[in-house]
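# Descriptive structure summary
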Amino acid sequence: MGSASPSAAPPGCLLLPPDGLEKGAAPERRAWSPRRPATPDQGLSAFYLSYFDMLYPEDGTWAAKGPAAGAREEPPEEPEQCPVIDSQAPGGALEEHSLEQVQSMVVGEVLKDIETACRLLSITADPVGWSPGNVQKWLLWTEHQYRLPPVGRAFQDLGGKELCALSEEQFRQRSPLGGDVLHAHLDIWKSASNSEESWTDSEVDSSCSGQPIHLWQFLKELLLKPHSYGRFIRWLNKEKGIFKIEDSAQVARLWGIRKNRPAMNYDKLSRSIRQYYKKGIIRKPDVSQRLVYQFVHPI
DNA sequence: AATCAGGAGGAAG
DNA sequence: CTTCCTCCTGATT
């Protein structure tokens, strides 16, 4: 992808809504101010920065990794036992890195996040190939992840090809509040899927077009991405496989999206987890705590 | 009030 | 067949 000219986007006004965590609140349409620059360039770099903004508070690993950390390795992240992630990091350290560094880091994270989303949703990376059902999954997932106002049926029965053919204006027509953001997200997916070689279809297809994902796999996938899902579920002790569900309603919603089960809730999800007791996949830790479980075979 | 434990039946692969 | 969804009763926190 072309290296965008270093346009200075003010760090404060990015695309992401502020980190308002309303617990269990229904996704009503809230007052959400749709402001964003009009030009695509600006939109994209602002978007990457918004990603960065989202990643930054969760863990400080990028700072230790150094500038050339775009690799796809798995750094031994979070050495602590019980990291507290609810704390907001002070947003001051951004100026120490050049915009190029930040962008390459963030682009790498974006690619990994898209890859993860493909696994979690069981869809391919290339939006053009999506079925209408895939499109709905992607919409639900994206609006949930970024707390966009729900689009409802505005994109019903659209396949990936038609979705990609829509202009930003058409997105905004169908979803006045969040359509532009959705369009920007789709742009990232489109450019990501035809840019790099490493993961077009072979890698993703082999891992995601297989069997239906199991709940324990799904939970592990969420746990692997603390940047994105750490607010909902996180490790208490990664070595021992102990994790805590911080927001049961949200985890259940994500699982419901994945399984096309809109009525999913934590009551039912936890019942499925309990089935793992007998199978020796998940158990309660020695000191039982609410919403805390443990993988029997941590890795 | 939310979470936990587990029986039961059925849907879907 | 297995895994999970759904609904349930009752206990625990």
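Numbers given to residues run from 1 along each chain, matching the order in which its sequence is written. Chains and ligands are labelled by the order in which they are written, letters from A for the one and numbers from 1 for the other. For a predicted model such as this one, the threshold for reporting local features is a pLDDT of at least 70, and the threshold for listing and counting side-chain atom pairs is 80 or more; totals across whole chains, interfaces and linings nevertheless cover every residue. The basis for every side-chain value is the complete set of non-hydrogen atoms in the structure, without hydrogens or water.

Chain A is annotated in an unreviewed UniProt entry as SAM pointed domain-containing Ets transcription factor of Urocitellus parryii. Turning to chain A, the UniProt record has this under Subunit (unreviewed entry): "Interacts with the DNA-binding domain of the androgen receptor. Interacts with NKX3-1." UniProt positions are given in the numbering used here, feature names are shortened, and annotations may be inferred rather than shown by experiment.

### Considerations on the overall build of chain A
When helices and strands are tallied, chain A shows 12 helices and 4 strands. Every one of the 299 residues in chain A was classed for burial, and the buried ones make up 45%. Here, two residues are considered to be in contact whenever any of their heavy atoms come within 4.5 Å of each other. Sequence-distant contacts in chain A: of pairs separated by 6 or more residues, those separated by 24 or more amount to 66%. Accessible surface computed for chain A: about 15400 Å², of which carbon and sulfur atoms make up 54%. Labels follow the DSSP assignment, with helices taken as runs of H or I lasting at least four residues and strands as runs of E lasting at least two, numbered in each case from the N terminus. Relative accessibility under 20% of the residue-type maximum defines a buried residue, over 50% an exposed one, and the middle range a partly exposed one, all with a 1.4 Å probe and only protein chains included. Surface exposure here means Shrake-Rupley accessible area, sampled with a 1.4 Å probe, where a residue is shielded only by the protein chains that are shown.

### Some words on the protein's contact with DNA strand C
Close to DNA strand C lie 13 residues; L215, W255, S272, Y276 and R290 are nearest. The sugar-phosphate backbone supplies 80% of the atoms of DNA strand C found within 4 Å of the protein. W255 places a polar side-chain atom, nitrogen or oxygen, 3.0 Å from a phosphate oxygen of DNA strand C. Between S272 and DNA strand C, the recorded distance is 3.1 Å, taken from a side-chain N or O atom to a phosphate oxygen. The set of elements that each furnish at least two residues to the surface near DNA strand C consists of helix 11 (248-259) and helix 12 (266-279). It is helix 12 that provides the largest number of residues to the surface near DNA strand C, a total of 6 residues. The class makeup of the residues in the surface near DNA strand C is 4 nonpolar, 3 polar and 6 charged. Each residue is tested against the molecule or strand, and it is near if at least one of its non-hydrogen atoms lies within 4 Å. Each polar contact in these results corresponds to two N or O atoms within 3.5 Å; when the atoms are within protein, one needs to be able to donate a hydrogen and the other to accept it, and residues that are neighboring in sequence are counted only if both atoms are side-chain atoms. Note that Gly is not counted as nonpolar here; it falls among the polar residues with everything else outside the nonpolar set of Ala, Val, Leu, Ile, Met, Phe, Trp, Tyr, Cys and Pro and the charged set of Asp, Glu, Lys and Arg.

### Examining the protein's contact with DNA strand B
What surrounds DNA strand B is the set S248, Y266, R271, R274, Y277, K284, Q289, R290, L291 and Y293. The sugar-phosphate portion of DNA strand B accounts for 47% of its atoms within 4 Å of the protein, the bases making up the rest. Within the side chain of R274, an N or O atom sits 2.7 Å from a base nitrogen of DNA strand B. Within the side chain of K284, a nitrogen or oxygen atom sits 2.9 Å from a phosphate oxygen of DNA strand B. Residue contributions to the surface near DNA strand B peak at 4 residues, all from helix 12. Classifying every residue of the surface near DNA strand B by side-chain character gives 4 nonpolar, 2 polar and 4 charged.

### A closer look at the pairing of strand 4 (residues 292-295)
Of the two faces of strand 4, the one lined by V292 and Q294 and the one lined by Y293 and F295 are each fully buried. Only when DSSP finds a minimum of two bridges between them are two strands counted as paired. Sheet topology places strand 2 (residues 242-245) next to strand 4; 3 bridges connect them, and they run antiparallel. Bridging from a neighbouring strand, F243 pairs with Y293 of strand 4. The pairing of strand 3 (residues 282-283) with strand 4 spans 2 bridges and is antiparallel. Bridge assignment links I282 to a residue of strand 4, and that residue is F295.

### Focus: the pattern of salt bridges
Salt bridges are counted wherever a side-chain nitrogen of Lys or Arg sits within 4 Å of a carboxyl oxygen of Asp or Glu. All chains considered together, the criterion is met by 7 salt bridges. The salt bridge involving E168 is made with R172; its shortest N-O contact spans 2.8 Å. Remark: R172 and E168 occur in helix 6 (residues 168-174); sequence separation between them is 4 residues, near one turn of the helix. In this structure E168 comes out as buried when scored by relative accessible area, which is 16%. A salt bridge links E246 to R234; the shortest N-O distance between them is 2.0 Å.

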